[in-house]
Amino acid sequence: MEAALEALRSYGLAASLIAPFAGAALVALAPGVRFAWVVACVAAIATAALTLAVSVQHLFGHANTDAAASLQTDGASLFLTPVLAWCAALILIAAIKFQQEAIDRATPLVFALVLATSGGWSLALHARDWVTLLVGVEIGALAAVALAALSSERDRGGLHGALRLFSMGAVASALMLIGTAMIARGAGVDALADLPMAFVRMPALVAAGAVLVVLALAMRAALAPLHAWGGALFGRGGDLAVLVVGVIACVGAVSVLLRIASYVLPAPALGETTAFTLAAIGVASVVIGSVQAAGAVSVRRLGFYAGAAQAGCILLAAALGSPAGYSAALILTFGMAVAALAFFAGAAAAPGERPYAMEAIDGLGRRAPLAGAAMAAAALSFMGAPLTIGFLGRWQLMEASVGADWWWAASAGIAASLAGVFFGGRLIERLYFRRIVAVAAPVGAWRFSLGPALVVGIVCVALAVAPEVLLRAAGLAGADLAGVAP
Amino acid sequence: MSAELALACVLGAPILQAALVMLLPRPPGLRDLLHMLGAFIAAAGAFVLVGAAGEQSQARVVAAHPLPNMDLAFSVSPLGALAAALICGLGALHAVHNVGLARASGAKTPARLMALTGLANAGAAGVALSDNLLSMFIAYQVVVMAAFPLVALDREEEGRAASRRFLSTLLLASMGLLLPAIVWTHGLAGAFDFAPGGALVGRVDSITANGLLVLFVLGFAGAATPPVHGWISAASGASYSGLPTLYAIAVLPSGCIGILKVAAFVFGPVLADARIAALVLIALAGVGMCAAALVALARQDLRERMAYSCMAQSLAVVTGALLASPAGIFAAVLQVVALSCAAATLMMALASVAVVTERHSADAFAGLGRLMPWTFASFGLAAASMIGLPPFSGAWAKLWLITASASAGMVWAAVLIAVAATLTFMHLGPLAANAFASRAPADAFKHPDGASFWLVAPVFLGALATLWLLVMADPLANFLSPTWTPEP
């Protein structure tokens, strides 16, 4: 036992980052679709278990980081990597359901790309320097593009979405590359952790670089108004692509943005500009995302826009730069991930020829009670209804904002909840108070593979009933991000 | 039964009942039994709580810890216990009536109706028994979320539009006004807890007190204070079986009780510092009261008429709560009791009449009292109480309200209350009188046996409940005195 703990302490972090890529390689080479799926699930669950063990050990056990030269742990990486990894594992378990209808030679590759997407964003969350961070972001983003293209090939609309994701991703990559180069040049440091203490020779250059990095990641995180790539993909893309991009890629990008903010905000020459940029994008995303969600005609787009509004709240919390603000941002990010998982997994159960259309979920609560419950729970969480994780996050945001005299940020959180009433109420009404219209296609036993994602989504949304452990973890991680001893 | 167990029963039994009814919708006998059993257990628990509150027992149940240093907790207080007894007692009568109605009407979704009424009642009892502001907010959200499907139940597109309007009015007000008020109060008082004598005492200036009062009163849109009263007309088209929950037992009373608790336990004497807002709100409530009674007079559809009549009564509660005096609070509590008993009786009577005669309009009620004497006798008693005729509950409530308003120097408010009572007489009095005075219509019953025992008994017991303040007003004042007397 001691030896195992010691091994975990020594190699756990590196192993948790290598596992998804090794798993992806094995899956890509595996003979047979179902065998590939089993290998992918094993790799994803092993990765998730490892990341959770490492995080618990570091957050609660105060273990020393003993990572490879280009890796580093902090509050964001410890809190959010297990969230991403477990979401990836649950999506992979459900993935066989989506691929059943179109098994071909590329299917194992699809599973491998899910692992690569999760692995890439996890790597970015553990990056010690800007180069590793860039590599991680690019792996995660490009894998998501490839996945979107492969799982949407039957619908031109979905392919169009993948192309848009690729094009906007290319712009984001360019911005991020230029931004990181400007920061490295102006501050003279490569490591993220050195930035707050660095002597900044060219503050204007570094500040501009930080803004470019924030904008690039905001594009990848689908923060409004930089989320134009999402409409096509979420409207017509494949279910698996929607789940992976909506849950792993968007949440991964928000997580990395939060992490970078925690290094940039304390830097004397950069803090003010970055906080302003984060807050401005946050408010815009809350307002635009909420309005778009209220008017959405596609159920998956509704989830996408509601996620954008939630991501706006995360940015507002991060912009505060205080332990309470980071803690709120972490809870909100967790809430966004689990609500998106429950929402898109539930939406994937919608029947009919146009499963993305609003009518497809009419009466879904009766036809598929678990999927209906998952979507309702997610909608309530996006709405910020009491006793959901969304409420907990918004409440923390409000407390942190009021504590910093940012009343307008608290108002933005309330505005998001108000808008949530419109789209959440509309969704619940369709789920439970409409007659079933869409014709259900014959479904096989593999539909049960969607169950774990739905159940975990519901349970996590309901975690707000007894959130002590979550709050403690977020408090410790938030204090770590703010550089304050817990 | 210990007070803690009673508290758990009041809040848990309706929720458990809802779950069981949904899980076991067949056979109908078992479903109905479960529905009534849950309601009766909750009612028994609530009456035990009244006894416990009379003995000044301390009981507190913590359901969850949703935020740091904040419990989702419920506790016994005289006001809370009385309100819970009212909600659960009427809820038990309504459960029996629901069973009768489901059988007589061949309702399409009785299990869902029963589950939703149970949940809404549990939420309303939660508002009454909440130990702090956030628990009250959460319980109030439960009421709204459980009640909004009732508006759309068994209806087509117009029902869905109405339910959307209902939900958006109540949720927007609670999220946009009530929640900020709670956050603001937390920022000022440093806690969410209710305190006899007022949690804000010594912590706010006049401007803040005025602002907070407006947010709280309008945030509780369940009380239908203009301009957040849009849900009243939206919900008036709901199925008959849902109406008592919406207007008499859960939604409207929970809004009134919420405002009462805030006035007594958050503001207390600070209400005097919020005089400008209180005056404006009392004027709004007074004018709204008269306007609602006038609109009721103009409506022939009985559901709409009753909806506006209930609105007029609930605004009287708001007026009493804002008078900033113990007499005002007491009058408001009496008014909640009178409103709930009378409105529940009237709504159940209307439902009974509608299901056995298929008559929905005021002009179609003539002579029906001769065919359904028990139902219409109860209707008459409840209408008299609603109007404020002695010796029914409503009379004492109105009397105290008028006295308290005049004592506070607001004679105009007393006049408005009297005008509203007169208008209530005009829209309810002739209805009850015509039912007996006119000739009985031939072929009135669509159901050959008329109203069953399940439909008549709860209506009659509800009517009897409108009489109890005749003998209980004084003991009730002693019972409630801790509400306005700060702990030493």
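The structure displayed is predicted, hence computed values, not measured ones.

Peer 1: Kindly report on the overall build of chain A, identifying the contributing residues and their values.
Peer 2: For chain A, the count of helices and strands is 18 helices and 0 strands. Here the C-alpha radius of gyration of chain A, 21 Å, is about what a compact globule of 486 residues would show, namely 23 Å. With respect to the three principal axes, the spread of C-alpha positions in chain A is 65 × 50 × 45 Å. Within chain A, counting contacts between residues at least 6 apart in sequence, those at least 24 apart form 80% of the total. By element, 69% of the accessible surface of chain A is carried by carbon and sulfur atoms, the whole surface being about 16400 Å². Separation of charge centres in chain A, based on 25 positive and 22 negative side chains, amounts to 11 Å.

Peer 1: Which residues make up the interface of chain B and chain A, and what values do they have?
Peer 2: Counting residues at the interface gives 31 residues for chain B, matched by 32 residues for chain A. Summed over both partners, the interface of chain B with chain A comes to about 2600 Å²; 78% of that surface belongs to carbon and sulfur atoms. It is Arg160(B), Met175(B) and Val183(B) in chain B that bury the most area against chain A; as a group they hold 20% of the surface buried on that side. The interface formed by chain B and chain A includes 2 salt bridges. Ionic pairing is found between Glu429(A) and Arg164(B), a salt bridge with its closest N-O pair at 2.7 Å.

Peer 1: Explain the side chain of Thr345(B) to me, using residue names and the numbers behind them.
Peer 2: Residues and elements named next belong to chain B. Looking at the element boundaries, threonine 345 is found in helix α13 (residues 326-357). The exposure class of threonine 345 is buried, given its relative accessible area of 0%. A distance of 2.7 Å separates a polar side-chain atom of threonine 345 from the backbone oxygen of cysteine 341. A polar side-chain atom of threonine 345 sits 3.2 Å from the main-chain carbonyl oxygen of glycine 462. Setting aside chain neighbours within four positions, we find threonine 345 in contact with Ser378, Ala382, Val459, Gly462 and Ala463.

Peer 1: I'd like to hear about the packing of helix α12 (residues 323-347) of chain A against helix α15 (residues 389-403) of chain A, residue by residue, with values.
Peer 2: Relative placement of two packed helices is described by the angle separating their axes and the distance separating the axes. All names here are of chain A. Taken N-terminus to C-terminus, the directions of α12 and α15 make an angle of 160°; their axes are 8 Å apart at the nearest point. Considering their axes alone, α12 and α15 lie roughly antiparallel with respect to each other. As for how α12 packs across α15, the hand of that crossing is left-handed. Of α15, the residues touching α12 (which contributes Ala324, Gly325, Ser327, Ala328, Ile331, Leu332, Phe334, Gly335 and Val338) are Ile389, Leu392, Gly393, Arg394, Gln396, Leu397 and Ala400. Broken down by class, the residue content of the contact of α12 with α15 amounts to 10 nonpolar, 5 polar and 1 charged.

Peer 1: Report on the pattern of salt bridges, specifying residues and quantitative values.
Peer 2: Residue and element names in this part refer to chain A. Within this structure, the stated rule accounts for 11 salt bridges over all chains. Among the ionic pairs, aspartate 362 bridges to arginine 430, the shortest N-O distance being 2.7 Å. Linking aspartate 362 in the loop between α12 and α13 (364-367) with arginine 430 in helix α16 (residues 407-433), this pair joins segments that are 68 residues apart in sequence. The burial state of aspartate 362 is the same as that of arginine 430; both residues are buried.

Peer 1: Mind laying out unusual backbone geometry, listing which residues take part and the relevant values?
Peer 2: Note that the residue after Arg26(B), namely Pro27(B), is joined by a cis bond; omega there is 0°. Within the element layout of this structure, Pro27(B) appears in the loop between α1 (3-23) and α2 (28-54). Following Pro390(B), the chain continues to Pro391(B) via a peptide bond in cis, the omega torsion being 5°. Although it is not a glycine, Ala222(A) adopts a positive phi angle of roughly 65°. Locating Ala222(A) in the fold gives a position in the loop between α7 (203-220) and α8 (230-236).

Peer 1: I'd like to hear about the environment of Ala120(B), residue by residue, with values.
Peer 2: Residues and elements named next belong to chain B. Along the chain, alanine 120 turns up in helix α4 (residues 110-129). The sequence separation of alanine 120 and leucine 150 amounts to 30 residues, and the corresponding C-alpha distance is 9.8 Å. Setting aside chain neighbours within four positions, we find alanine 120 in contact with Val143, Ala146, Thr245 and Ala250.

Peer 1: Got a sec to walk through the packing of aromatic side chains? Specific residues and values, please.
Peer 2: Residues and elements named next belong to chain A. Under the criterion given, the structure shown has 22 aromatic pairs over all chains. Measuring from centroid to centroid gives 4.3 Å for phenylalanine 234 and phenylalanine 304, while their planes differ by 20°, and the two rings are stacked. Residue phenylalanine 234 is found in helix α8, and its partner phenylalanine 304 is found in helix α11 (residues 299-320); the two are separated by 70 residues along the sequence. Each member of the pair, phenylalanine 234 together with phenylalanine 304, is buried. With a centroid separation of 5.4 Å and an interplanar angle of 50°, the aromatic rings of phenylalanine 234 and phenylalanine 344 are classed as tilted. Of the two residues, phenylalanine 234 sits in helix α8 while phenylalanine 344 sits in helix α12, which places them 110 residues apart along the sequence.

Peer 1: Any chance you could break down helix α15 (residues 373-387) of chain B for me, citing the residues and the numbers?
Peer 2: Residues and elements named next belong to chain B. Helix length check: α15 (15 residues) gives 21 Å between terminal C-alpha atoms against 21 Å at 1.5 Å per residue, within 8%. When we look at burial in α15, the residues that qualify are Thr375, Phe376, Ser378, Phe379, Ala382, Ala383, Ala384, Ser385, Met386 and Ile387. For α15, the elements touching its buried residues are α12 (302-321), α13, α14 (368-371), α16 (393-407), α17 (411-437) and α18 (453-465). Where α15 terminates, the next one or two residues include glycine 388, which has phi positive at roughly 105°.

Peer 1: Please provide a residue-by-residue account of the pairing of strand β1 (residues 60-67) of chain B, values included.
Peer 2: Residues in a regular strand project their side chains so that they alternate between the two faces of the sheet. Residues and elements named next belong to chain B. Relative to strand β2 (residues 70-75), β1 runs antiparallel, the two sharing 5 bridges. When the sheet's bridge partners are listed, alanine 64 is paired in β2 with leucine 72. Between β1 and β2, which pair antiparallel in sequence order, lie 2 residues; one of them, asparagine 69, sits at a positive phi of approximately 60°.

Peer 1: Lay out the environment of Ile389(A) in plain terms, naming residues and giving numbers.
Peer 2: Mapped onto the elements of the fold, Ile389(A) is located in helix α15. Not counting residues within four places of it along the chain, the set of residues in contact with Ile389(A) comprises Ile331(A), Phe334(A), Gly335(A), Val338(A), Ser381(A), Cys460(A), Val461(A), Ala464(A) and Leu470(A).

Peer 1: If you had to explain the packing of α11(A) against α12(A) to someone new, which residues and values would you point to?
Peer 2: Residues and elements named next belong to chain A. Packing of α11 against α12 leaves a shortest axis separation of 8 Å and a crossing angle of 170°. Accordingly, the angle class assigned to the pair α11 and α12 is roughly antiparallel. Of the residues that constitute the contact of α11 with α12, the class distribution is 17 nonpolar, 6 polar and 1 charged.

Rules behind the numbers
Residues numbered from 1 in each chain as written. Chains lettered and ligands numbered in written order. Predicted model: local features only at pLDDT ≥ 70, side-chain atom pairs only at ≥ 80, totals over all residues. Heavy atoms only, no water. Helix = DSSP H or I, 4+ residues; strand = E, 2+ residues; numbered from the N terminus. Rg over C-alpha atoms; globule rule 2.2 N^0.38 Å. Contact = heavy atoms within 4.5 Å. Areas by Shrake-Rupley, 256 points an atom, 1.4 Å probe, with all protein chains shown as cover. Lys, Arg positive; Asp, Glu negative; His and termini not counted. Charge placed at Lys NZ, Arg CZ, Asp CG, Glu CD. Buried area = accessible area lost by both parts, 1.4 Å probe. Salt bridge = Lys/Arg side-chain N within 4 Å of Asp/Glu carboxyl O. Buried < 20%, exposed > 50% of the residue type's maximum accessible area, 1.4 Å probe, protein only. Polar contact = N/O pair within 3.5 Å; in protein donor to acceptor, adjacent residues only side chain to side chain. Axes fitted to C-alpha atoms, helices over the stretch in contact; angles between N-to-C directions. Parallel < 35°, antiparallel > 145°, perpendicular 65-115°, else oblique. Left-handed = near helix turned anticlockwise from the far one by under 90°. Nonpolar A, V, L, I, M, F, W, Y, C, P; charged D, E, K, R; others polar. Phe/Tyr/Trp six-rings, centres within 6.5 Å; stacked < 30°, edge-to-face > 60°. Expected span 1.5 Å × (residues − 1). Pairing = 2+ DSSP bridges.

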